[in-house]
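Architecture at a glance
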Amino acid sequence: MLVFSSLKDSESRSSPSEKEMADQAYNNLKRQELESENKKLKNNLNEMRRSIADRASQSDSPNELQDGYNVLLSQLRSANEELDGRKEEVLILRTQIVSHAQQQEERELVESSKVPEVNSSNEPVDKEEAFKAYHGLCESKKLLEAQLQTQARQHGDELEALHTQIELLRADIEKKQELLNYTAALSPEARVEYSVQQEITRLTNDNLDLKELVEKLEKNEKKLKKQLRIYMKKVQELEAAQAAVQTRRSRPELSRQVTVQRKEKDFEGMLEYYKEDEALLFKTLISDIRPTVVGATVPCLPAYILFMCIRHADYVNDDQKVESLLTSTINSIKKVLKKNNEDFEMTSFWLANTSRLLHCLKQYSGDEVFMTQNTSKQNEHCLKNFDLAEYRQVLSDLSIQIYQQLIRSIPSLAGVKPMGYRNRSSSIDFNGGPSSYTLEALIRQLGQFHSTMQDHGLDPEIVGQVARQLFHCINNYTLNNLLLRKDVCSWSTGMQLRYNTSQMEEWLRGNNLFQSKAAAALKPVIQAAQLLQVKKKTSEDAEAICSLCTALSTQQIVKILNLYTPLNEFEERVTVAFIRSIQNRPPQSTDAPQLLMDTKHMFPVLFPYTPSALSLETLHIPASLGLDFLVRV
């Protein structure tokens, strides 16, 4: 009897589960059918929209647009009705599932309550199974509810999107209707013109969109190119480092033996390196070097090291190595200067090294005109196999470019107070630099420039030409200020100008630069200071002024006299008759057509040949440079 009752209970439990599975399968089929119907409705709506848009673009009749609009509205109504029906079906299914779940729960509870009476020995097992079944039903119910809610939200979102599209289409149709009504009222010619204007407007908008897209693509391209350059540079550095490590590993014992043998020989002033170390050579000696690193060594040390490498390539008759050395040297120097185009110290350093490398190529070229001051040992070090005259010309052009960059990198000396303006600031600014200098600050700045160029080993002739250019700029800006400002044209200003120019001349004498034509560059402003101090009354005074101010044009003399302003009752204003007597005199041969001085004029630079007394075999390379891969030969 107990066995029969247990079999009956198991059959009663299995039959509801099979029914439940059948209901779930039916509900899944129903849901899939609803989803397929919804997709069909959406496809039909999209087709209707496309057909209406095509008809609107191909037809000019407002009736056809209205018909298409009515058809679309009818389709939307039918779709809404269908959607409402589907919603009702979903609700019915949902209520059926909920009621079925409730009935199932009640049935499980009843069965669980009957289990203890039938068989008390199986009570723990029956309760556990009942709880598992109950939890399973709860989870399935929650899952179905979540799916139904998700579908309901999706249908709601789709319906809202459809309403939005209908509104947009309605607004578009109304706009096109207005355009059609407007064009219908126009004459044929005006209608054609209006349509052309509309097409032009459309094309303009499309063009602007395309331009914006092109700009975005160009920005993206620049960004990618910049990243590519950075990565390529990193790859090259990594390859150079790996090549250096492999080279050191590949020749450990042999290099040590060769070094020991060559210590017994005389050093011939040549440096050898392996081809794989060439990139590392230029990176260490040109790209990454700073002037302070070699400040305590021989001036122009990088130039001497490069020339000693060139000597070895000439010694082994390797034309490709010579060409690679010189070309890479020139290109590397250009890159460094481009990167530091406003750095006076770096520009001066490479001007000194470039000119020294040029002098070495001349001194050891084997030409007799450059060998007159060489020692016998230096003559033995001359190049044997190659004529590098063309590279000398390239280095000469590069030196001129570096000199011009050096002049441009000098901070502004436009507002020069020491020329007699006391505590007033100059009204002219040069290259965006400081507005004014005091006499002490100006002389201190000139001293810094001079000491920097001397420390770098720049030739004295080039230092003199730099000083001449600087004094020329100071003179021109000071004289232009004098010609443009009435408040500084007085006797006291002339006295202050004369004092300050004498201080600057004294600085030139103290630094052995007085013979460099730099003092002559101050002659116009010195004569202007004298003009402010001399008598300006009689015809004899006029003749004395013309004979005194030879560096000033008649136009400039007249302008200063017109601006001359007495500061007290003891001074007198220059009379009109005196100024006319100056004007009526015959023009001088040095008269310039313009009143103001040319502040951007740059004197041509000359690089006179300056041989070095240094013997290459005595040159010492400090270990701090990291050039241990170079082998002395």
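Placed above this text is the structure.
Analysis parameters
- Each chain has its residues counted from 1, running along the sequence as written.
- This being a predicted model, a pLDDT of at least 70 is required before a residue's local features are given, and a value of 80 or more before pairs of side-chain atoms are given or counted; all residues contribute to the totals for chains, interfaces and linings.
- No hydrogens and no water enter the side-chain calculation; it runs on all heavy atoms of the structure.
- Helix numbers and strand numbers start at the N terminus; a helix is a DSSP run of H or I with at least 4 residues, a strand a run of E with at least 2.
- Using a 1.4 Å probe on the protein chains alone, a residue whose accessible area is under 20% of its type maximum counts as buried, one over 50% counts as exposed, and one in between counts as partly exposed.
- The contact definition used throughout considers only heavy atoms, calling two residues in contact when any of these lie within 4.5 Å.
- The accessible surface values rely on the Shrake-Rupley method and a 1.4 Å probe; as for residues, cover is taken only from the protein chains in view.
- Residues scored as positive are Lys and Arg, those scored as negative are Asp and Glu, and His as well as the terminal groups of each chain are ignored.
- Think of a salt bridge as a Lys or Arg side-chain nitrogen and an Asp or Glu carboxyl oxygen that are within 4 Å of each other.
- Expected span of a helix: the number of residues minus one, times 1.5 Å.
- When we speak of the arc, we mean the arc of directions from the helix axis to the C-beta atoms.
- Here the aromatic set is Phe, Tyr and Trp, taking the six-membered ring for Trp, and pairing holds for ring centres within 6.5 Å; pairs whose planes are under 30 degrees apart are stacked, those over 60 apart are edge-to-face, and all others are tilted.

A word on the overall build of the protein chain. Scanning the protein chain from terminus to terminus reveals 18 helices and two strands. Looking at the protein chain as a whole, 38% of its 633 residues qualify as buried. Considering only residue pairs separated by 6 or more positions, the protein chain has 79% of its internal contacts joining residues 24 or more positions apart. If you sum the accessible surface of the protein chain, you get close to 37,300 Å²; carbon and sulfur atoms cover 53% of it.

Next up on the list: the side chain of Asp-541. Within the secondary structure, Asp-541 sits in helix H16 (residues 539-548). Buried charge Asp-541 goes without a salt bridge, the closest partner of opposite sign being Lys-535 at 4.7 Å. Apart from residues lying up to four places away in sequence, Asp-541 is in contact with Lys-535, Lys-536 and Phe-578.

One non-glycine residue with positive phi stands out, namely Cys-300, at about 65 degrees. Looking at where Cys-300 falls in the secondary structure, it is placed in the loop between helix H6 (278-287) and helix H7 (301-315). Judged by its relative accessible area of 5%, Cys-300 falls in the buried class. Here the phi dihedral of Lys-517 falls at roughly 70 degrees; this positive angle occurs in a residue that is not glycine. Inspection of the secondary structure assignment puts Lys-517 in the loop between helix H14 (491-510) and helix H15 (523-533). Classification of Lys-517 as exposed rests on a relative accessible area of 55%.

Moving on, we come to the pattern of salt bridges. What the rule picks out here adds up to 15 salt bridges. The shortest N-O distance in the salt bridge between Asp-367 and Arg-392 comes to 3.7 Å. With Asp-367 in the loop between helix H9 (344-363) and helix H10 (376-380) and Arg-392 in helix H11 (residues 389-409), this residue pair connects regions lying 25 residues apart in the sequence. For Asp-367, a relative accessible area of 31% corresponds to the partly exposed category.

Once that is clear, we can look at H14. Taking 1.5 Å of rise per residue, 20 residues should cover 28 Å, and H14 covers 29 Å from first to last C-alpha, within 8% of that figure. Considered for burial, the residues of H14 that qualify are Thr-493, Gly-494, Leu-497, Asn-500, Thr-501, Met-504, Glu-505, Trp-507 and Leu-508. Take H14 and look down its axis: the buried residues cluster within an arc of 150 degrees, on one side only. Summarising the contacts, the buried residues of H14 are in contact with helix H12 (439-455), helix H13 (460-484) and H15. Downstream of H14 by a residue or two, Asn-512 has a phi angle that is positive, lying close to 55 degrees.

Turning next to the environment of Ser-365. Of note, Ser-365 is situated in the loop between H9 and H10. Residues in contact with Ser-365, not counting those within four places in the same chain, are Phe-370, Leu-383 and Arg-392.

By secondary structure assignment, the location of Lys-600 is in the loop between helix H18 (576-583) and strand E2 (631-632). Judged by its relative accessible area of 71%, Lys-600 is exposed. Considered as a pair, Lys-600 and Cys-473 are 127 residues apart in the sequence and their alpha carbons are 7.9 Å apart.

Take Arg-498: it is sitting in helix H14. Of the residues examined, Arg-498 reaches a relative accessible area of 29% and is grouped as partly exposed. A sequence separation of 32 residues divides Arg-498 from Gln-530, and the C-alpha atoms of the two residues are 7.5 Å apart. The residues touching Arg-498, leaving out its near neighbours within four places in the chain, are Glu-505, Ile-526, Ala-529, Gln-530 and Gln-533.

With that settled, consider the side chain of Ser-409. If you trace the backbone, Ser-409 turns up in helix H11. For Ser-409, a relative accessible area of 10% puts it in the buried group. Dropping the residues within four chain positions of it, Ser-409 is found in contact with Asn-341, Glu-342, Asp-343, Phe-344 and Thr-347.

We now examine the packing of aromatic side chains. Under the defined criterion, the tally for this structure stands at six aromatic pairs. Relative to Phe-449, the ring of Phe-344 has its centre 4.7 Å away and its plane inclined at 40 degrees; by these criteria the two rings are tilted. Of the two residues, Phe-344 is situated in helix H9 and Phe-449 in helix H12; the sequence distance between them amounts to 105 residues. Note on accessibility: Phe-344 and Phe-449 belong to one class, buried. For the pair Phe-370 and Tyr-609, a centre-to-centre distance of 5.0 Å together with 65 degrees between the ring planes defines the contact as edge-to-face. Taken together, the residues span a long stretch of sequence, with Phe-370 in the loop between H9 and H10 and Tyr-609 in the loop between H18 and E2 at a distance of 239 residues. Relative accessible area serves as the criterion here: at 17%, Phe-370 is assigned to the buried category.

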